[in-house]
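Architecture at a glance
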Amino acid sequence: MSHYRASDSKKEHFRRYLEKAGVISNLTSVLVALYEQTEKPSNALEYIKENLGAAGQTAETAALQQEVTDLMQRCAKLAEENTELKTRLQHYEPISEDGATTD
């Protein structure tokens, strides 16, 4: 009987750990969202995987995602500018087929 109580104690400790970490509330949110879907996804596990991260988003996560978006836009702008500058440079310094500039 004492083994049974020890097992319950471990389970209760683990449950409190999951609650403090926010795991239970996030899982509950995702499962409720799945339940409320009018058209259930064909792969429930994939739905949970995709939406579990979204349920636990923090302000830091959102800020990092915004930074990634901003950096991707900046990279695209710089790539476009680089292409334009290469074209302009080629007008003044034609490049031979082997990649060397012609003098």
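Computed from a predicted structure; not experimentally measured.

**Observations concerning the confidence of the model for the chain**
Mean pLDDT over the chain works out to 85, with 81% of the residues at or above the 70 mark. Taken element by element, the predicted model of the chain shows its lowest mean pLDDT in helix H3 (residues 44-55) (81) and its highest in helix H4 (residues 59-92) (92).

**Some thoughts on a nonpolar patch on the surface**
Side chains of Val23, Leu27, Leu31 and Leu52 sit close together on the surface and give an oily, nonpolar patch of about 290 Å² of accessible area. No other element matches helix H2 (residues 23-36), which puts 3 residues into the nonpolar patch. Following the sequence through the fold, Val23 ends up in helix H2.

**Some remarks on the pattern of salt bridges**
For the coordinates displayed, the defined rule picks out 4 salt bridges. The residue Glu12 makes a salt bridge to Arg16 at a minimum N-O spacing of 3.8 Å. Taken together, the positions of Glu12 and Arg16, both in helix H1 (residues 2-21) and 4 residues apart, correspond to about one turn of that helix. Overall, Glu12 belongs to the partly exposed group, its relative accessible area being 30%. Notably, a salt bridge pairs Arg15 with Glu19, separated by 2.4 Å at the nearest N-O pair. Of the two residues, Arg15 and Glu19 both sit in helix H1, 4 residues apart, roughly one turn of that helix. When salt bridges with common partners are traced through the structure, they connect Glu12, Arg15, Arg16 and Glu19 into a single cluster.

Rules of the game
- Residues numbered from 1 in each chain as written.
- Predicted model: local features only at pLDDT ≥ 70, side-chain atom pairs only at ≥ 80, totals over all residues.
- Heavy atoms only, no water.
- pLDDT = per-residue confidence, 0-100.
- Helix = DSSP H or I, 4+ residues; strand = E, 2+ residues; numbered from the N terminus.
- Patch = residues over 30% accessible without salt bridge, like charges linked within 9 Å, V, L, I, M, F, W, Y side chains within 5 Å.
- Areas by Shrake-Rupley, 256 points an atom, 1.4 Å probe, with all protein chains shown as cover.
- Salt bridge = Lys/Arg side-chain N within 4 Å of Asp/Glu carboxyl O.
- Buried < 20%, exposed > 50% of the residue type's maximum accessible area, 1.4 Å probe, protein only.

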